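# Observations on the three-dimensional arrangement
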Amino acid sequence: MRPLLLRSGRVVDPSQGLDEISDLLIREGKVAGIGRGLGVPDDAEVVDASGWVVSPGLIDLHVHLREPGQEDVETIASGARAAAAGGFTAVCAMPNTDPVTDNQAAVGFIVKQAQAAGAARVYPIGAISLGQRGVQLAEFGELVSAGAVAVSDDGRPVASSHLMRMALSYAQTFGIPVADHCEDPTLSGGVMHEGLVSTRLGLRGIPSAAEEIMVARDLLLAELTRGHIHLCHMSTKGSVDLIRRAKDKGIKVTAEVTPHHLILTDEACLGYNTHAKMNPPLRTAADVEALREALKDGTVDVIATDHAPHHYDAKEREFDDAPFGVIGLETALALGITQLVRPGILTLAELIDRMSCAPAKVFNLPGGTLRPGTVADVTVFDPEARWKVDPERFYSKSRNTPFAGWEVFGKVVMTIVGGRVVFRSGAD
Amino acid sequence: MSERSLGKDLLGLESLTAEQITLILDTAEPFKEVSERPIKKVPTLRGKTIVNLFFEASTRTRISFEFAEKRLSADTVNVAALGSSVQKGETLVDTARNLEAMRIDMVVIRHPSSGAAQFLAERIRSNVVNAGDGTHEHPTQALLDLLTLRDKFGRIAGLKVCICGDVLHSRVARSNIWGLLKLGAEVAVCGPPSLMPLGIEELGVTVFRRIEDAIQWADVLNVLRLQLERMHAGFIPSLREYYRVFGVTVERLERAPKDLVILHPGPMNRGVEIDSRVADGPHSVILHQVTNGVAVRMAVLYLLAGGRPELAEAAKGKGEVAE
Amino acid sequence: MTGIRVLSNLASGMTVAHKRNSLLDARGFQRVLKRLAKEIADFFKSTAAEMEGPERPRLVLIGIQRRGVELAERLARLVEPMLGEPVATGALDITLYRDDLETIGPRPVVGETRIPESLDGKCVVIVDDVLYTGRTVRAALDELADFGRPARIGLCVLIDRGGRELPIQADIVGKRVKAKRGDRVDVLLNEVDGRDAVELVSGRAA
């Protein structure tokens, strides 16, 4: 592998409090040095990065890659390529595939497929319960030894408080977090946020309380067990308030929020727009406000996309019958820059922290830093480049996004995984 | 969209202006008389093909539409979801494409999913009339309610109308709320809070907790049908208790300060939401509603069939050049 | 009233130089109406004389919306003393029987149709203000047929302006005029317009 010198880029690495114009040298898959006037090895590829941002590689803790089971919708390879195109050097794949990732072989399959794809890293998340049926714990030890970085029954809530308690306790043996999709199954059954808009559209609602009840339960169980609870895709102000209090009490909780919950409200469903149908649902402007605040102050730790591909015509349906979910890998960074950084809600360093450094810490993953000697997972992007979201150009096999046609800023130039360029803009 | 026309489709009253609603009601007036003729048929829509696409069981709405279509001389085909390709897993998109390929002029659609009528309207060139979509809207029902009230009171503006019952699951309630508010009525709702949608007050309606209070206030009660399955889903304890607490009974009406007019979209559950003696009594205009239903639907079909409002405008500009 | 019509043309953006010529003034109008009444009475008498059967037929005047309705009312009042018996009148709106819904779009408000009694065996005279293409009369005949089977149907018009597109002729005509295609014949009635007159408005002359 040739050494790579990124010359004169704006190196932003919140893990070191770094934000300066500098060179970055990558050698033998590792960050070899940051600074001006680094010695350039003879065989190095030199890239002029002036005007671009050089940051630790983005990490997405929450994606659905659909393989095995729905390879027509997404595969590990297509998902890993989409991730690389979106500036992600690593993603964590949720286990709700068919069959469920609830055993060593299934985890090993994902690792093998990801290696073959040679794009972004794919870390498997194992199931909490066998078949995600919510009854019997999966073999966490086997899952972890095969490569799983966390456990979750995402896609389905863990209805049984007893099972959640056991998972939080037992997972501590392996030092992995338990990630929960918080939704009280007896309060759900709706198709969008319950409020004025659902009333007008005559659509069944999912109240904020459906999420908040489970958030409260999980926090209490984390307190009881001293386990690490990771709360997926938080969507309500109430959830944020609960997490903030729990963190103050020292409960080991981390939480994520999606780009769409930071940007859109339930009004996106008007006109029965099935691309705005997701679970948890898009909530109100007050919730969006609270989520942005929580992301800023660290109550919510990370941005995760909940990338959920669906077949091209799956959303061409009545709102009731359309599946939940939206893809996000190839729009997350640009949406973050356009909707959060440019309006001054987050600094660029904060955005990079929430999309790279913090996720690495939360799931204890390599990367998330450009400290010399660490693995060279690096994202290079042009923060000023303006483009229009065109799902037809996505690397993902799916097209289900509510952001089609949006004008955004921030284009990924290079994605480097372990020192190897896995995506280069315009290189295909 | 010109206020003198409806545009391509009738999907709901939320999207209509007061002028458009009034236009439909005014157009319905002469159609009442057509149904009184010895030959209850005019050739207005001769040669037009209308498909009644019913994905949900409905007897009275379908019959009412069918009468309206036949009295306008349209050719009609009824497609019921049962036994059609829908049962074989055909999607609404496929159904729409097939209808389009058969060159039909209009579709009247009843569907259990909110938004299904709009979904169809956005995908086919034919006119689409919403005959009830999920718990969203049922515009022709509200229009016939409005026509009935206008017949009875001579006006809508200023009337106090309370919609009683399962507002949460009612498309009739939603369409009525929009129509009544746009025409200047005061609107209230009354029913168990467990059957009230969130944010209903924000639409501009008053909420009554007790049916007695609603009766004191209202000129008109529009009594919604209570779906019997609501009890099993835990929204109310029992039908018996519902009748005891929220039933519109003669005894309750007798305590009203004035004579109330009672509407009901049908079919009625006698002894659940309404007392038989009320349904059959002098307050009730329920059969008048049924008669007006045909006239209103004729008006809607007639207005949509013209289909080319820009030409209608031009024709008006010409003055009366034709004889 | 005429002013309003001109305004409506201006509103639609057309700039047409109108030239108005009087075809009938109020006195001429009265004179023509009286003659029409006399001819209707004669038409009815000859019909009655030709008809066999135990019952004498009755006369019904059916006006076509709009101005035909008022004309029929006035003519009925004039015919009654001539026959020495009441004459029934009715109104017919042919909007729903038009053959041009597609091209002109729906008339937003359909007028009243009022048929006084069963038309079976009656002598019906259709009354309209202007006879032009004949399409209105065609529609009226279709519509009347749905109300019954009159013994005879006649047609009485105040003005026949020529320009027929169908093989239809009036039995009784107040005045024949030659009007060009772009011209308009305005029949003004006291009840509707505040005065009785007939005017020819030449259009598209600019």
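Along each chain, residues carry numbers from 1 onward, in the same order as the chain's sequence is written. Each chain takes a letter, starting from A, and each ligand takes a number, starting from 1, following the order in which they are written. pLDDT decides what is reported in this predicted model: residues at 70 or higher carry local features, side-chain atom pairs at 80 or more are listed and counted, and totals for whole chains, interfaces and linings draw on all residues regardless. Side-chain measures were taken over the full set of non-hydrogen atoms in the model, leaving aside hydrogen atoms and water.

### Digging into the overall build of chain A
Numbering of helices and strands runs from the N terminus; a helix is a DSSP stretch of H or I covering at least four residues, while a strand is a stretch of E covering at least two. A count of helices and strands for chain A gives eleven helices and 18 strands. To get the radius of gyration, use the C-alpha atoms; to get the globule rule, take the number of residues to the power 0.38 and multiply by 2.2 Å. Its C-alpha atoms give chain A a radius of gyration of 20 Å, within 12% of the compact-globule value 22 Å for 428 residues. Here the C-alpha coordinates of chain A stretch approximately 65 × 45 × 45 Å along the principal axes. Burial statistics for chain A: of 428 residues in total, 61% are counted as buried. Contacts are assigned to residue pairs with any non-hydrogen atoms lying within 4.5 Å of each other. For chain A, contacts bridging at least 24 residues in sequence account for 75% of all contacts bridging at least 6. Taken as a whole, chain A presents about 15200 Å² of accessible surface, with 49% of it coming from carbon and sulfur. Only four residue types enter the charge count: Lys and Arg as positive, Asp and Glu as negative, with His and the chain ends excluded. Just so you know, the charge point we use is NZ for Lys, CZ for Arg, CG for Asp and CD for Glu. Between the centroid of the 41 positive side chains of chain A and the centroid of its 54 negative side chains there is a distance of 3 Å. Residue exposure (1.4 Å probe, protein chains only): buried if accessible area is under 20% of the type maximum, exposed if over 50%, otherwise partly exposed. What sets the accessible areas is the Shrake-Rupley method with a 1.4 Å probe; for residues, cover comes only from the shown protein chains.

### Section: the sheet that holds strand β8 (residues 220-223) of chain B
All names here are of chain B. At least two bridges found by DSSP between two strands is the condition for calling them paired. Taken in spatial order, the five strands line up as β7-β6-β5-β8-β9 in an open sheet, and their pairing is parallel. Looking at the sheet topology across the chains shown, the edges are occupied by β7 (206-208) and β9 (261-263). Taking the axes of each pair of neighbouring strands and ignoring which way they run, one obtains an average angle of 25 degrees across the sheet. Pairing between strand β5 (residues 160-164) and β8: four bridges, direction parallel. Note on β8: the bridge partner recorded for C164 is V223. Only the stretch in contact is used when a helix axis is fitted, and all axes are lines through C-alpha atoms; the angle between N-to-C directions ranges over 0 to 180 degrees.

### Some words on the packing of aromatic side chains
Any pair of Phe, Tyr and Trp rings, taking the six-membered ring for Trp, is counted once the centres come within 6.5 Å. Such a pair is stacked with planes under 30 degrees apart, edge-to-face with planes over 60 apart, and tilted for the rest. Following the criterion strictly, the structure yields seven aromatic pairs over all chains and no others. Between A:Y395 and A:F423, the aromatic rings sit 5.8 Å apart at their centres with planes inclined by 85 degrees, giving edge-to-face as the arrangement. Of this pair, A:Y395 sits in the loop between β16 (378-388) and β17 (407-417) while A:F423 sits in strand β18 (residues 420-424); the two residues are 28 residues apart in sequence, bridging distant segments of the chain. A relative accessible area of 27% means that A:Y395 is categorised as partly exposed. Here A:F423 falls in the buried class, since its relative accessible area comes to 12%. Feature note: the residues A:F140, A:Y170 and A:F174 constitute an aromatic cluster, connected by ring pairs. Distance and angle both matter: a charge sits over a ring if NZ of Lys or CZ of Arg is within 6 Å of the ring centre and within 35 degrees of the ring normal. For A:K277, the ring lying beneath its charged end belongs to A:F324, and the centroid distance is 4.7 Å. Sitting above the plane of the C:Y132 ring, C:R161 keeps its charged end 3.7 Å from the centroid.

### With respect to the packing of helix α10 (residues 332-341) of chain A against helix α11 (residues 348-362) of chain A
All names here are of chain A. Orientation of α10 relative to α11, taken along the N-to-C sense of each, is 145 degrees, at an axis distance of 10 Å. Remark: the crossing between α10 and α11 carries right-handed chirality. Along its contact with α10, which presents A332, L333, G336, I337, L340 and V341, the element α11 presents L348, L351 and M355. Polar here means any residue outside two lists: the nonpolar Ala, Val, Leu, Ile, Met, Phe, Trp, Tyr, Cys and Pro, and the charged Asp, Glu, Lys and Arg; Gly therefore counts as polar. Looking at the contact of α10 with α11, its residues break down into eight nonpolar, one polar and no charged. Crossings are sorted by hand: turned counterclockwise from the far helix by less than a right angle, the near helix makes the crossing left-handed, and turned clockwise it makes it right-handed.

### Considerations on the interface of chain B and chain A
Facing the 24 residues of chain B at the interface are 15 residues of chain A. Joining two parts hides part of their accessible area as seen by a 1.4 Å probe, and the buried area is that hidden amount summed over both. Summed over both partners, the interface of chain B with chain A buries about 1600 Å², with 51% contributed by carbon and sulfur atoms. A side-chain nitrogen of Lys or Arg and a carboxyl oxygen of Asp or Glu constitute a salt bridge if their distance falls within 4 Å. The interface formed by chain B and chain A includes two salt bridges. The partner of A:E316 in a salt bridge is B:R123, with the nearest N and O atoms 2.7 Å apart. A 3.5 Å cut-off defines polar contacts: any pair of N or O atoms within that distance qualifies, except that in protein one atom must be a possible hydrogen donor and the other a possible acceptor, and neighbouring residues in sequence count only when both atoms are side-chain atoms. One can count nine residue pairs in polar contact (both at pLDDT 80 or more) joining chain B with chain A. Of all the elements in the fold, those that place two or more residues in the side of chain B that touches chain A are α3 (92-101), α4 (116-121) and α6 (171-182) of chain B. In terms of residues, the side of chain B that touches chain A owes the most to one element, α4(B), which gives three residues. Class assignment of the residues belonging to the side of chain B that touches chain A gives a composition of ten nonpolar, nine polar and five charged.

### Details of the nonpolar core
Residues A:V122, A:L231 and A:L351 are the most contacted members of the largest nonpolar core, which totals 96 residues. Here the element with the most residues in this core is α10(A); it accounts for seven residues. Contact partners of A:L231, with chain neighbours within four places excluded, come to A:D180, A:C182, A:V215, A:D218, A:L219, A:I243, A:V253, A:T254, A:A255 and A:E256. Counting residues in each nonpolar core, the second largest holds 88 residues, with B:V129, B:L203, B:A299 and C:A140 among its members. The criterion is simple. A nonpolar core is a set of buried Ala, Val, Leu, Ile, Met, Phe, Trp, Tyr and Cys residues joined through side-chain atoms within 4.5 Å.

### A look at the confidence of the model for chain C
All names here are of chain C. A residue's pLDDT is the predictor's confidence in that residue, given on a scale from 0 to 100. Of the residues in chain C, 85% have a pLDDT of 70 or more, and the chain-wide mean is 85. Confidence drops under a pLDDT of 50 for residues 1-15, and excluding neighbours within four residues, the segment shows 20 contacts in the predicted structure. The ipTM for the predicted assembly is 0.89, set against a pTM of 0.88.

### Describing the domain arrangement of chain A
Residues and elements named next belong to chain A. The split into domains, and so the bounds of each, comes from an automatic or database assignment of domains. For chain A, the assigned domains are domain 1 (4-54 + 375-424) and domain 2 (57-362). The C-alpha centroid of domain 2 is placed 25 Å from the C-alpha centroid of domain 1. Of the residues lining the interface, 39 residues belong to domain 1; the matching set on domain 2 comes to 48 residues. The three residues of domain 1 that bury the most area against domain 2 are K397, N400 and F403, which together make up 20% of that side's buried surface. Seen at the junction of domain 1 and domain 2, the total is two salt bridges. The partner of R121 in a salt bridge is D377, with the nearest N and O atoms 2.7 Å apart. The interface formed by domain 1 and domain 2 contains 19 residue pairs in polar contact (both at pLDDT 80 or more).

### Some remarks on the pairing of strand β1 (residues 49-54) of chain B
Residue and element names in this part refer to chain B. With five of six residues buried, β1 lies mostly within the body of the structure. Both β1 and strand β2 (residues 75-80) contribute to a ladder of six bridges, which runs parallel. Residue pairing across strands places N52 opposite N78, the latter belonging to β2. Seen with its strands pointing away from the viewer, a crossover is right-handed if its path from the first strand over the helix to the second goes clockwise. Each parallel crossover has a hand, and for β1 linked through helix α2 (residues 60-71) to β2 it is right-handed. By the bridge criterion, five bridges tie β1 to strand β3 (residues 106-111) in an arrangement that is parallel. For I50, the partnering residue across the bridge sits in β3 and is M106.

### Points about the side chain of A:T415
Residue placement: A:T415 occurs in strand β17. If near-sequence neighbours (up to four positions away) are discounted, A:T415 is found in contact with A:A84, A:G87, A:F88, A:T89, A:V378, A:R420, A:V421, A:V422 and A:F423.

### Digging into the sheet that holds β1(B)
Residues and elements named next belong to chain B. Spatial strand order, β2-β1-β3-β4: four strands in an open sheet with parallel pairing. Across the chains shown, the open sheet's two edge strands, defined by having one partner strand only, are β2 and β4 (127-133). Direction aside, the axes of adjacent strands within the sheet are offset by 15 degrees on average. Alignment of β3 against β4, held across five bridges, turns out to be parallel. From the neighbouring strand, I109 faces β4, where its bridge partner is N130.

### Considerations on the pattern of salt bridges
Taken as a whole and assessed by the stated rule, the structure comprises 56 salt bridges over all chains. Put simply, B:K70 and B:E66 hold a salt bridge, and the shortest N to O gap is 3.0 Å. Here B:E66 and B:K70 lie together in helix α2, a separation of four residues that amounts to about one turn. Of the residues examined, B:K70 reaches a relative accessible area of 37% and is grouped as partly exposed. Of the charged contacts in the structure, one is a salt bridge between C:R176 and C:D160, with a shortest N-O distance of 3.4 Å. Taken together, the positions of C:R176 in strand β6 (residues 172-176) and C:D160 in strand β5 (residues 152-160) put the pair 16 residues apart, joining distant regions of the chain. Look at C:R176 and you get exposed, because its relative accessible area is 59%.

### Quick word on the pairing of strand β3 (residues 88-92) of chain C
Residue and element names in this part refer to chain C. Counting buried residues along β3, five of its five residues qualify, which places the element largely inside the surrounding structure. Both faces of β3 are covered, namely the face carrying A88, G90 and L92 and the face carrying T89 and A91. Across five bridges, strand β2 (residues 59-64) lies against β3 in parallel orientation. Its bridge partner lying in β3, I64 is registered against L92.

### As for the side chain of B:H169
All names here are of chain B. Along the chain, the position of H169 falls in the loop between β5 and α6. Looking at H169, its side chain comes within polar contact range of the side chain of D166, at 3.0 Å. In this view, H169 contacts T135, R174, L195, R230 and F235; residues no more than four positions away in its chain are not counted.

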